[in-house]
Amino acid sequence: MKFPYKIKFESRTNDVPKWLPLATSLGAVVVAFIISGIVLWLIGGNPFQVYRYFFTASFGSWGAFSDILVKATPLILIGLGCSVAFKMNILNIGAEGQFYIGAFFASMVVLVPIIPLDSPKWLVLTLMALMGILGGALYGFIPGFLKAVFNVNEIITTLMLNYIAIFWNNYWIFGKYSDAGFQMTPTFDKVAWLPRLADLAKDYPFFSGITLHLGVVFGLVAAVLIWVILKRSRWGYEIALIGDNPKAANYAGINIKKNIILVMMLSGALAGLAGMSEVTGVVHRLQERISTNYGFSGVIVAWLAKLNPFAVIPVAILFGALIVAGREIQPSGLSFMIQGTILFLVISSDVFLRYKVRIVRTHQEEMA
Amino acid sequence: MTNLPENTPYAVEMQDIVIRFPGVLANDHVNFTLRKGEIHALLGENGAGKSTLMNVLSGMYQPESGTIRINGEPVSFRSPKGAIASGIGMVHQHFMLVPTLTVTENILLGLNEPKFIMKLATYDKKIQKLQETFGLKVDPTAKIWQLSVGEQQRVEILKTLYRGAEILILDEPTAVLAPQEIDELMETMRTLVSQGKSIIFISHKLNEVQAVADRLTVLRKGKATAEGIDPQGLTRTQLAELMVGRKVIFQVEKVEREPGEVVLEVENLSTTNNRGLPAVRNVSFQIQEGEIFGIAGIAGNGQSELVEAVTGLRPIEGSVRINGTEVGNCSPQKSIRCGLAHIPEDRTGMGTAPNLSITKNIIMKNYAQDPISNGWRIDYLAAHDHAAELKEVYDIQAPTVETMARKLSGGNLQKLILAREISGDPKLIVAMQPTRGLDVGAIEGIQRLLLEQRQKGAAILLISEELEELLMLSDRIAVIFDGELVGEMAASQADLNQIGMMMTGALRSDG
Amino acid sequence: MNLEVILRAGLSTGTILIFAAIGEIFAERSGVMNLGVEGMMLIGAMAAFKVSYVTQNAWLGLLAGILAGGILSLAHGLVVISLQADQTVSGLSLTFLGTGLALVIGEGLTGLNTPTIPTVTLPLLSKIPFIGLIFFTDFNLLVYVGYLLIPLSWYFIFKTRPGMHLRAVGEKPSAADSLGISVYGTRYLYTFIGGCLAGLAGATISIAISPGWYSNLTTSGQGWIAIALVIFARWNPYTAALGGYFFGMLRRFTLDLQGPAMILGLRNPFFYDHNLVFFLQMVPFALTIVALVWGSGAARRNRRGTPAALGIPYVRGERGL
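Definitions and limits used
- Residues numbered from 1 in each chain as written.
- Chains lettered and ligands numbered in written order.
- Predicted model: local features only at pLDDT ≥ 70, side-chain atom pairs only at ≥ 80, totals over all residues.
- Helix = DSSP H or I, 4+ residues; strand = E, 2+ residues; numbered from the N terminus.
- Rg over C-alpha atoms; globule rule 2.2 N^0.38 Å.
- Contact = placed C-beta atoms within 7 Å.
- Nonpolar A, V, L, I, M, F, W, Y, C, P; charged D, E, K, R; others polar.
- Buried ≥ 20, exposed ≤ 12 C-beta atoms within 10 Å, placed from the backbone.
- Pairing = 2+ DSSP bridges.
- Axes fitted to C-alpha atoms, helices over the stretch in contact; angles between N-to-C directions.
- pLDDT = per-residue confidence, 0-100.
- Parallel < 35°, antiparallel > 145°, perpendicular 65-115°, else oblique.
- Left-handed = near helix turned anticlockwise from the far one by under 90°.
- Core = buried A, V, L, I, M, F, W, Y, C linked by C-beta atoms within 7 Å.
- Right-handed = clockwise from strand over helix to strand, strands pointing away.

All right, on to the overall build of chain C then. Helix and strand counts for chain C stand at 13 helices and four strands. For 321 residues, the compact-globule estimate of 2.2 N^0.38 gives 20 Å, and chain C sits close to it at 20 Å. Referenced to the eigenvectors of the C-alpha coordinate spread, the extents of chain C come out at roughly 65 × 50 × 45 Å.

Structure, rendered in C-alpha cells:
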C-alpha cells in the first residue's frame, strides 16, 4: 500500500510574488519559536512561562525597550555589513573579530592617548569613530586579500581571525592597559562617551535612565547609505553582478579581486564602527566579552532581512529583544538556539521561493 | 542498411508516451518502435522531445501515460537500473563518465560486481576481451580525462555492452566528432547490428541518417511527424519541413564585400588552460573590417582558451591588438573600450547573470556610460528604457524587462546577448558557437545579424563546430588542432574533406 | 618540555581533529560540504557527556554522541540535498543550531563528573622499544580507533566498490545517476557518516581525552580547524591525519612553552610575561589560515583532488555535472 499523495516541487515559471519573501521570513521566526518551545518542553521547561517572561523582559517598559535598541545598534551595523558582503556572495563570518578590532582601535584614541583628552568631545568621538572604521576595515582586508589573491575560503579565515582578535584584545586589556589587574581597561574619560538620552534627563525627566545612545543614529544613517550603494550606485550594480555570476562580471570588465577586497573592507568597517559604538556608548571601556555574539547574530539578521538594508533594522530590533531577554532567562543558551533555528528555517524556506511546492495525488500507473 | 524483413520482431515498442514538464508538453502521445537488428534514426530539433523520449526509455523519466514493451513484454522503469536490466544502454550526448576514474572503473560503476574490493587488474583483462569482440580500442587503465572525445565515446559504448545491452541508444553521437571519427563510429554501429544488437540513432543530419539507418522517426514540438519511414529518397528540404514544420532556406544571403582596414591582429599568441597546460600555441592571424574569419575544429582543441585570450579574459604570451591598441594581458575592460563585442560560448555561465533582470543583463557592458550612468550612480529609468527598446528591436520574448534572465529560453537568451553586444556598433565581434542548441528559426536570425554586422564593417571572429555554418558565413577559414592553427583558406575554396583531416591532425597545409 | 610528551599529546588530542576531518572527507567526497562540523561536534560532546552521566555508562554515552552528530547532520542533508539550498549557508546555520541546542540541553552539566572511555596499553605492541612507548602505551582507547580509521577510510575510498561509487557521486553525479547509483541516497549516507564522525570527535573530547562539559568552549573552534585540514589535505585521509596530529602537538607545545624560564640558553619571554601567552594561543588559528592558503594554492596548481561536484546540488536532467 503506497501513500496516495506526494509532495511535488515544480520550478517557478513566473516571478515570485512580492509578499512571499516576507512571509517566509516571518514564518521562519514563528516556527523557530515553536520548535524551540518543544525542545524546552522536552527537557522539562515550561515554554509558555518562558516566552511570557521573554516578552515582558523585552517590551515591558520604555527602559526595557531602550535596552533592546541599544542591543540592536551593533546588530544593525553588523547586519548591514553582512548584507553587503552576502550580496556579493562573500560569506564574511568575521564581524565578531572586526567588531573587537574596531573597538580596540577606537579605544586606543583615549588609552594611548592619540589626542589630548581635553580636546572637544566631537573631535575625540569623530576620531574614535574613524579609528573604529579603520580597524574593522583593516581586519576585513586580510580575509578579502586572501580570498582575492589565493582564493582562500573566507568563511574559515574570518572565523579563525575572530579567535585571533579576541586573544589580541585580551593581551591589551590584561597586559598593557589593565585596570588594577582586572580584565578590563579603566573607564574612559567622559569626553569619549557617546551622548545618551539619559543625558537629557535634567530637562526632560522622561529620559532618566534611558540608555539609548547616539550609536543608533550611526546605524540608521548606515542603513540609508548601504541602501543607496546597493540599489542606486554603479558599485552596487557591480556587487550584484559579481554575487550572481562572477564569470559574467569578469566578462563585463568588472575587477572582481578589487571588489572582493573593497566589499570585505566595507563590511569590516561597519562591524568596526559597531565596536566603537559599543565601547563609547555602552561599556565605556575596553573589556572582555564586549560582544554577546553580535558577529554571529548579525549574520542571521542579514539573512532574515533577505539582505535588504531597511529590513535589517526591524530584524535587528527583534534580535535585540532576544538578546535582552536571553540575559535573564534560563537556560541561557535558549536565545542562541532560537537564533540558530531561525537561520536554519530561513534557509530551508528558500525552497518556497524557488519552487512551487504542491501536494499531488500519486499517479495511477505508479500505484499499479 | 541491412534491409530487414517486414516481420522482424520488435525489440522496443513505445506507445502514446506523454511526459510533461512545467509549462511544456515534452512528449505528446508519441509512438516509437525499434526492430531487432535495426538502426532506427530519431530526428528533431533541439527541444523537440528526442532526448526526453529516450530518457523515458532509459528509465531517467517516468511518463505520465503510455506503455513500453521490450521484446513484447510490457515494462515500467522506476529508475535507470530497471532499464539497464532490460538490456537498454544509453550513450548520452554529454558523456556520463567520471573524469577522475579509469576506463575500467567507469565501466564497472553501478554494478554489483566486484563484491567489495576492487580487483581492477582482473577486470582490465575482461574489458580488453570485450573490446576485441566489438573492435572498440581504448586503454582500460587510462583515466577518462586523458582520453580523446572519440575514445570517451567508445568507453560509453563499452559500458553499455558490458552490461549486456541489446538495445543501444546513441544520443547525437556524431555532434562531437570529426568527419573521419564519424566514419569510424558508423563502422562500429554496423558491426554492432551485425552481432544482433539494435540501435536507436539520434541525429539531425540527413546524410548520416541515410548512410546507416533503416528507418526514421521525426519529432517536432513533442509530436511525431513521421513514424518509421524509409529515409532513402527523402530530400533535405522534405526532412527540414518534417522537423521545422515550414520551408527552410538553407542559404542566408551573403553579399560580396571588400574588406577594409585591419581590426584584429593576433601575433604569436600562446596561453594555457585551467590546468596550466598549453592550450593555444603560437597562433597568429588578422581580421579586417567587414570580414568574417571562421575557425573550425573539434571541441577542446583550444577554442575556448583562444577566445578568452583574444577577449582579454585570460593571460597570454604574444600580442593581441584591436585597431592598433595592445589589449593582451590588460583588463577585459580595455578590450571592451576598444570596441570588442563578445558572444560567449556559455550563455548561462558567462553571458548572463541568471537571477538578475533583463534590464540588468542588458546594461552589463554600458552600465558605466552615459546615459545610464553619470558619475557614481545608475539611472535605472534610463536603463529600463534602453532595455525596453532593445527588447522590442531584437524581439526578446519575455513578459517584461524586469523578468529574470533565467526564465528565458535559450534562443531568447542569445537574442539578449546579441542585443547587448551588437547594439553598440562594435568594431570587433568574437562569437563562439553562436547558434548551438537553438532551433532553426533562431539560427537563421542570428546568422543574419552577424552578416549585417559584417556589412556594417565589423570584423568578426567566428568559432564553431558546425562546418556548414562556417562555410556559409566565413570569408576565410582556419582549422585549429591541439592549440595550433593548422591551415587557412578562403571559404570559397574550402574542401570539406581536407578540413576534416586537418581537424583530426592528419593533415596540415602549412607544413 | 619534552619531545616524548609533545608527541604523545599530539597523538592524543590530534585524534579529535582526525575523526572530524575524516568525517568531513566522507561527506565532501560525496559532494556535500558540511560547514556545521563545529555544531555537530558540540552536540556530540554534549550528548555523550549527558548520557554518560545519566546512565553512568561511557559506552552508551559514546553511542549517543555519535548518533547526535549523525542526526544533526541529517538536517543539513535535508536542506542541501533534497531542498537544494546553498551548502555553505546551511552548514553555517547548522553550527549555530547545533551550538544552541547543545547549550540548552547541556544546561547544568558543567562541573559534573562522568564515567569515561578507558585508557589502555596495547599488549605486545607496547613492548616495541621507543615506538611502543610513544604510540601504544597508556592511551585512551579512542586514540587506537583513530589509528585504525585512517588507513581503513583511505582503503575504503580508493580501493572498494562503495568507495568508487562515493567518488563518482562527488565527481559526476549525473554519470552515477545514469548507472542506477542513487545520488541522493549516497549523499545522505555519507553526510550522516560525516555527522557521526563529528559526533564521535565531540564525544572524544567530553568523555575521553579531556573529560567535561565546558559549554561552547568544549570544542573551541576545532571543528573549523578540521574543515581547513580537509582542504589542506586535498581530501586524503592520510594527509589529514598528519595535519591533525601536528595540530595536536602544536597545542601541547604552546602550553609547554610557558613552563621553563630558559629555552636553549635564552630567556623565555613567555615565562616572564604571562600575557604574551595570548599570542601563543593565536598560533593554531593563524597556522590554520596558513595551511588554508597553502592548500588553496595547491588546489589551483592541481585541480584534481577537489571533488568536482562539491557544493553543487544535483537535479536530475539539468545540464552540467
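Further notes follow.
Taken together, the 38 residues of chain A in the interface contact 39 residues of chain C. Elements that contribute at least two residues to the side of chain A that touches chain C include exactly α5 (121-150), α6 (154-176) and α13 (334-354) of chain A. Tallied by class, the residues present in the side of chain A that touches chain C amount to 25 nonpolar, twelve polar and one charged.

So, about the environment of B:E181. All names here are of chain B. One can find E181 in helix α6 (residues 179-194). For E181, a count of 21 C-beta atoms within 10 Å puts it in the buried group. Discounting chain neighbours no more than four positions away, the residues touching E181 are G150 and T504.

Moving on: helix α8 (residues 234-244) of chain A. Counting buried residues in α8(A) gives eight out of eleven residues, a clear majority hidden from the surface. For α8(A), the complete set of buried residues consists of A:G236, A:Y237, A:E238, A:I239, A:L241, A:I242, A:G243 and A:D244. Next to the buried residues of α8(A) lie α3 (62-87), α7 (215-232), α9 (246-251) and α10 (256-283) of chain A together with β18 (377-378) of chain B.

Let's shift gears to the interface of chain B and chain C. Each partner contributes to the interface: chain B provides 23 residues, whereas chain C provides 21 residues. Per element, the largest residue contribution to the side of chain B that touches chain C is three residues, and it comes from helix α2 (residues 80-85) of chain B. Of the residues belonging to the side of chain B that touches chain C, the class tally is 14 nonpolar, six polar and three charged.

In this section: the environment of B:L120. All names here are of chain B. You can see L120 is positioned in helix α4 (residues 120-134). Here L120 falls in the partly exposed class, since 17 other C-beta atoms lie within 10 Å of it. As for L120 and K407, which are separated by 287 residues in sequence, their C-alpha atoms are 46 Å apart.

Residue and element names in this part refer to chain B. The strand order across the open sheet formed by six strands is β16-β19-β20-β13-β21-β22, and the pairing between neighbours is mixed. Here the strands that pair on one side only, and so sit at the sheet edges, are β16 (340-343) and β22 (484-490). On average, each strand axis in the sheet is tilted by 15 degrees relative to the strand beside it, whichever way the strands run. As defined by bridge partners, strand β21 (residues 476-481) adjoins β22 across six bridges and the pair is classed as antiparallel. Within the sheet, the bridge partner assigned to V479 lies in β22 and is G487. Of the strands in this sheet, β13 (292-296), β21 and β22 touch helix α17 (residues 496-503), which is tilted by about 30 degrees from β21.

With that out of the way, let us pick up the pairing of strand β4 (residues 65-70) of chain B. Side-chain direction in a regular strand flips from residue to residue, so the side chains alternate between the two faces of the sheet. Residue and element names in this part refer to chain B. The pairing of strand β1 (residues 10-21) with β4 spans five bridges and is antiparallel. Looking at β4, one finds that E13 is bridged to R69. Strand direction decides the pairing type here: β4 and strand β5 (residues 73-75), joined by three bridges, are antiparallel. Along β5, the bridge assignment pairs I68 with V75. Between β4 and β5, which follow one another and run antiparallel, lie two residues, and N71 among them has a positive phi close to 50 degrees.

A separate point is the confidence of the model for chain A. Per-residue confidence for chain A gives a mean pLDDT of 88; residues scoring 70 or more make up 93%. Under a pLDDT of 50 for its full length, residues 363-368 of chain A has, in the predicted model, five contacts with residues more than four places off or in other chains.

What follows deals with the packing of helix α1 (residues 3-29) of chain C against helix α11 (residues 237-256) of chain C. Residues and elements named next belong to chain C. Running from N to C, α1 and α11 cross one another at 140 degrees; their axes reach a closest spacing of 6 Å. One finds that α1 runs oblique with respect to α11. Taken as a pair, α1 and α11 cross one another with a handedness that is right-handed. Across the contact of α1 with α11, the residue classes break down as 17 nonpolar, six polar and three charged.

What follows covers the nonpolar core. Nonpolar side chains tend toward joint burial in soluble globular proteins. Of all hydrophobic cores here, the largest spans 377 residues; its most connected members are A:V312 and C:A20. Once residues within four sequence positions are removed from consideration, C:A20 is found in contact with C:V37, C:M41, C:L197, C:A198, C:A201, C:Q222, C:G223 and C:A226.

Attention now moves to the environment of B:V266. Residue and element names in this part refer to chain B. Mapped onto the elements, V266 comes out in strand β11 (residues 262-272). Overall, the presence of 22 C-beta atoms within 10 Å leaves V266 in the buried class. On a C-alpha basis, the gap between V266 and R321 in space is 6.5 Å, while along the polypeptide they are 55 residues apart. For V266, the residues in contact, after removing those within four places along its chain, are V283, S284, F285, V310 and V320.

In this section: the packing of α5(A) against α10(A). Residues and elements named next belong to chain A. Put simply, α5 and α10 touch, their axes get as near as 6 Å, and they point 145 degrees apart. The way α5 lies across α10 gives a crossing that is right-handed. In terms of residue class, the contact of α5 with α10 is built from 19 nonpolar, ten polar and two charged.

We now examine the pairing of strand β19 (residues 428-432) of chain B. All names here are of chain B. Burial of β19 is extensive: five of the five residues sit out of reach of the surface. Along β19, one buried face is formed by L428, V430 and M432 and the opposite face, lined by I429 and A431, is buried too. Alignment of β16 against β19, held across four bridges, turns out to be parallel. Bridging across to β19, I343 finds its partner in A431. One ladder, built from five bridges, connects β19 with strand β20 (residues 459-463); its direction is parallel. Across the sheet, the residue bridging to V430 is L461, located in β20. The β-α-β motif built from β19, the intervening helix α15 (residues 440-456) and the parallel element β20 has right-handed crossover chirality.

To continue, consider unusual backbone geometry. In this chain, A:V112 is followed by A:P113 through a cis amide linkage whose omega measures -15 degrees. Following the sequence through the fold, A:P113 ends up in the loop between α4 (95-111) and α5. With an omega of 0 degrees, the peptide bond between B:D370 and B:P371 qualifies as cis. Position of B:P371 among the secondary structure elements: in the loop between α12 (358-362) and β17 (373-374). If you check the backbone angles, B:H29 has positive phi at about 50 degrees while not being a glycine. With respect to the helices and strands, the residue B:H29 is situated in strand β2 (residues 24-35). Of note in the backbone geometry, C:S220 takes a positive phi value of approximately 40 degrees without being a glycine. Looking at the element boundaries, C:S220 is found in the loop between α9 (183-209) and α10 (222-232). Taking the number of C-beta atoms within 10 Å as the measure of exposure, C:S220 has 17 and is therefore partly exposed.

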